[in-house]
Amino acid sequence: MSARRMIHIVDDEEAIRRSAGFMLKTSGYAVSTYASGDAFLQAAKDAEPGCVLLDVRMPGMDGLEVQKVMAERGIAMPVVVLTGHGDITVAVRAMKGGAVDFIEKPFEKAVLLTAIIAAFERLDDVEARAARASDAAVAIAALTSREQDVLKGMAQGLPNKTIAFDLGISPRTVEVHRANVMAKLQVKSLSEALRIAFAAGLQDEA
């Protein structure tokens, strides 16, 4: 791998931290280890983005609680849950809470690496969507407020006449604004314009 991707191992068992850390380092990953959920959460704000290997059963804050706090704090690192035998129900709950996968201890190298690859694919997708949203927001900011109003109507699937009625302008004026929107966003089709509007969350605004 050209860039060493970061994996955060959160497990109260030193043997697991050491063995999994060694396995991952020899596979080309960078590794940080934490002996508790609290220790990870204290460091997470300034930590390098990566994948989190999160033990379910830990003294103090367990894996599900750590996962919940990560969501509350907007820590968008993908989670792979480590679970002992008999913790499958808890692992499924973790997956419902957004975990990418769960693996049972003791785990095989191939199983661990497959889960981590899936986690990084999700991380890349999150980052790509964030970049698209940022680019879309910049593009839409270049529109006038009236052009943005028209684009919002388009994103809601409204016809020109309805947009015109809602904004108190003529359908012809809506057509002019639509043409300006398309030109400023540098798109040739309605679907392209809508992709930008959706990426910026415009259809969710009232």
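Residues numbered from 1 in each chain as written. Predicted model: local features only at pLDDT ≥ 70, side-chain atom pairs only at ≥ 80, totals over all residues. Heavy atoms only, no water.

Caption draft 1: The overall build of the protein, seen in detail. Secondary structure summary: the protein contains 9 helices and 5 strands in total. Seen in sequence order, the protein has helices and strands lined up from the N terminus as β-α-β-α-β-α-β-α-β-α-α-α-α-α. Counting the 206 residues in the protein, one finds 41% classified as buried. Taking the intrachain contacts of the protein between residues at least 6 apart in sequence as the baseline, contacts between residues at least 24 apart amount to 63%. Accessible surface for the protein amounts to roughly 11,100 Å². Of this, 54% is attributable to carbon and sulfur atoms. For the protein, the separation between the mean place of its 24 positive charges and that of its 27 negative charges on side chains is 5 Å. (Helix = DSSP H or I, 4+ residues; strand = E, 2+ residues; numbered from the N terminus. Buried < 20%, exposed > 50% of the residue type's maximum accessible area, 1.4 Å probe, protein only. Contact = heavy atoms within 4.5 Å. Areas by Shrake-Rupley, 256 points an atom, 1.4 Å probe, with all protein chains shown as cover. Lys, Arg positive; Asp, Glu negative; His and termini not counted. Charge placed at Lys NZ, Arg CZ, Asp CG, Glu CD.)

Caption draft 2: Fine view of the pairing of strand E1 (residues 6–10). Counting buried positions along E1 gives 5 out of 5 residues, so the element sits mostly inside the fold. In terms of strand pairing, E1 meets strand E2 (residues 30–34) through 5 bridges, oriented parallel. Bridge pairing in E2 places Ile 7 opposite Val 31. With helix H1 (residues 14–26) bridging E1 and the parallel E2, this β-α-β connection has right-handed handedness. Where E1 lies against strand E3 (residues 50–55), 5 bridges are found, and the strand directions are parallel. Bridge assignment links Ile 9 to a residue of E3, and that residue is Leu 53. (Pairing = 2+ DSSP bridges. Right-handed = clockwise from strand over helix to strand, strands pointing away.)

Caption draft 3: Summary view of helix H6 (residues 145–155). Taken residue by residue, H6 has Glu 147, Val 150, Leu 151, Lys 152, Gly 153, Met 154 and Ala 155 as its buried positions. In this fold, the buried residues of H6 make contact with helix H5 (109–141), helix H7 (160–167), helix H8 (171–185) and helix H9 (190–199). Two residues or fewer after H6 comes Gly 157, characterised by a positive phi angle close to 80°.

Caption draft 4: Structural view of the layout of surface pockets. Taken as a whole, the largest pocket holds about 190 Å³ of empty space. In terms of lining residues, the largest pocket is bounded by 13 residues, among which Ile 75, Met 77, Val 79, Gly 97 and Gly 98 are the most central. Those elements that place two or more of their residues in the lining of the largest pocket are helix H3 (63–72) and H5. (1 Å grid on protein atoms, 1.4 Å probe; cavity = no way out; pocket = protein on both sides within 12 Å on 5 of 7 lines; lining within 4 Å. Points joined across faces, edges and corners; volume = space filled by probe spheres on them.)

Caption draft 5: Spotlight on the environment of Ser 170. Its place among the elements puts Ser 170 in the loop between H7 and H8. A sequence separation of 34 residues divides Ser 170 from Ala 136, and the C-alpha atoms of the two residues are 27 Å apart.

Caption draft 6: Spatial organisation of the packing of H5 against H9. At their nearest, the axes of H5 and H9 sit 8 Å apart, and the two run at 110° to each other. Taken together, the axes of H5 and H9 lie roughly perpendicular to each other. For the pair H5 and H9, the contacting residues are Arg 132, Ala 133, Ala 136 and Ile 140 in the first and Ile 196, Ala 197 and Ala 199 in the second. Grouping the constituent residues of the contact of H5 with H9 by class yields 6 nonpolar, no polar and 1 charged. (Axes fitted to C-alpha atoms, helices over the stretch in contact; angles between N-to-C directions. Parallel < 35°, antiparallel > 145°, perpendicular 65-115°, else oblique. Nonpolar A, V, L, I, M, F, W, Y, C, P; charged D, E, K, R; others polar.)

Caption draft 7: The arrangement of the packing of aromatic side chains in detail. Tallied over the entire structure, the rule returns 2 aromatic pairs. Taking 5.9 Å as the distance between ring centres and 5° as the angle between the ring planes, the aromatic pair formed by Tyr 29 and Phe 120 counts as stacked. Of this pair, Tyr 29 sits in the loop between H1 and E2 while Phe 120 sits in helix H5; the two residues are 91 residues apart in sequence, bridging distant segments of the chain. Its relative accessible area of 5% is what places Phe 120 among the buried residues. Centroid distance Tyr 34 to Phe 40: 5.3 Å. Interplanar angle 75°. Geometry classified as edge-to-face. Take Tyr 34: its relative accessible area is 12%, and that puts it in the buried class. (Phe/Tyr/Trp six-rings, centres within 6.5 Å; stacked < 30°, edge-to-face > 60°.)

Caption draft 8: Representation of unusual backbone geometry. In this chain, Lys 105 is followed by Pro 106 through a cis amide linkage whose omega measures -10°. Even without glycine at this site, Gln 186 takes up a positive phi of about 60°. Locating Gln 186 in the fold gives a position in the loop between H8 and H9. Its relative accessible area of 71% is what places Gln 186 among the exposed residues.

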